[in-house]
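Residue-level listing of the chains:
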Amino acid sequence: MPAYNEAASLPRVVPEVLAALRALSPAVELIVVDDGSRDDTVAVVSALQQQHPQLVLLQLSRNFGKEAALSAGLDHARGDAVFIMDSDGQHPVALLPRMLQAWQQGAEVVYAVRRTRDDQTALHRKLAGAFYGLVNWGARVKVPADAGDFRLMDARVVRALRELPEQHRFMKGLYAWVGFRSLALDYEPLPRQAGHSHYGLRGAFRLGTTGLLAFSAAPLRLMGLVGVLLALAALGYGLWVVGEYFVLGIVVPGYATIVVGMMFLAGVQLMAVGLLSEYVARIYDEVKRRPLYLVARRTGQGLPADPNA
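Criteria and thresholds
Residues numbered from 1 in each chain as written. Predicted model: local features only at pLDDT ≥ 70, side-chain atom pairs only at ≥ 80, totals over all residues. Heavy atoms only, no water. Phe/Tyr/Trp six-rings, centres within 6.5 Å; stacked < 30°, edge-to-face > 60°. Helix = DSSP H or I, 4+ residues; strand = E, 2+ residues; numbered from the N terminus. Buried < 20%, exposed > 50% of the residue type's maximum accessible area, 1.4 Å probe, protein only. Lys NZ or Arg CZ within 6 Å of the ring centre and 35° of its normal. Pairing = 2+ DSSP bridges. Contact = heavy atoms within 4.5 Å. Axes fitted to C-alpha atoms, helices over the stretch in contact; angles between N-to-C directions. Salt bridge = Lys/Arg side-chain N within 4 Å of Asp/Glu carboxyl O.

Undergrad: Where do I start with the packing of aromatic side chains in this structure?
TA: A ring pair, where both rings are aromatic, is described by two values, the distance of the centres and the angle of the planes. Counted under the stated rule, the structure contains one aromatic pair. Here Phe150 and Tyr187 contribute two aromatic rings whose centre-to-centre distance is 5.6 Å and whose plane-to-plane angle is 80°, an arrangement assigned as edge-to-face. Pair noted here: Phe150 is in strand β6 (residues 147–154) and Tyr187 is in strand β7 (residues 182–187), with a separation of 37 residues, a long-range link. For Tyr187, a relative accessible area of 7% gives the class buried. One Lys or Arg, Arg62, reaches over the ring of Phe64 and ends 3.9 Å from the middle of that ring.

Undergrad: Help me out: how do you make sense of the sheet that holds strand β2 (residues 30–34) in this one?
TA: Strands in a sheet are paired, the pairing made by backbone hydrogen bonds, and the direction either parallel or antiparallel. Spatial strand order, β1-β2-β3-β8: four strands in an open sheet with mixed pairing. Across the chains shown, the open sheet's two edge strands, defined by having one partner strand only, are β1 (2–3) and β8 (295–299). In the sheet, β2 pairs with strand β3 (residues 55–60) via five bridges, with the strands oriented parallel. By the bridge assignment, Asp34 is partnered in β3 with Gln59. Where helix α2 (residues 41–51) meets the sheet, it contacts β1, β2, β3 and β8, and its direction lies at approximately 160° from that of β3.

Undergrad: Is there a simple way to explain the pattern of salt bridges in this structure?
TA: When charged atoms on two side chains of opposite charge get close, those side chains can pair. Enumeration according to the criterion identifies four salt bridges in this entry. Between Glu108 and Arg156 there is a salt bridge whose closest N-O contact spans 2.6 Å. Within this pair, whereas Glu108 is found in the loop between α4 (96–104) and β5 (109–114), its partner Arg156 is found in helix α6 (residues 155–162), the two being separated by 48 residues in sequence. Residue classification places Arg156 among the partly exposed residues on the basis of a relative accessible area of 45%.

As structure tokens, then:
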């Protein structure tokens, strides 16, 4: 359960989630990953640990982002089955028994899919639809639309995710890439327990950019397609000008056409260079091989370590 400035939500969310987990199994742990919170999240979790020995606090050294916090939690999870949930209370614990039952029946990944996006703006919904269409265009591995981080994974799946070394992580894409037998369950997000979301349109755009560049060559293909279309348009226009001159005897003044054409082509070229530069910058980040996150402190016992991990 990644948490960033969720001190107001955790006192209600943690007991509720732990009660649901204990109803499913006598051996449980709940790992709260503090992603560099600036409020009293750490103090709240530490106080809750006095009442709930199954609670583990994983405190990162700074804010690394939700994708890194999710990876940190998966790296430290020790269960045979691992749930991922948000710490704001929007993921309903009533779905946990159905997820566990599906896992017991053979599914290795059980993920929740939103029924609607009514809690988002129309622009956000349209951009989300465009993103999934673009990232899945021509891709061998399809990222399920409207599927978030709320899911159950078998320990084998968790171990597979730990082996992926990407620095710019798009977890929804990584979940799909590792494969395994998967089952989708629909759900309706609950209202937040407290506060407001820290993940708005700007954060969604940043994550979407990471997803596109990490899991799709669609932007490069689109630039190639734009180049072909421009070449065809230039050829067609050239034939038209030649036809006007020789057939109709019309001399076309070319100053405005040349200037506009040069500016347009220069803009397209700079956009293509910028896109290539973004890919190269991400390659540069990957080859530096810095740690994805740093753990400042871990408290709480949790489950015994898996000897096969």
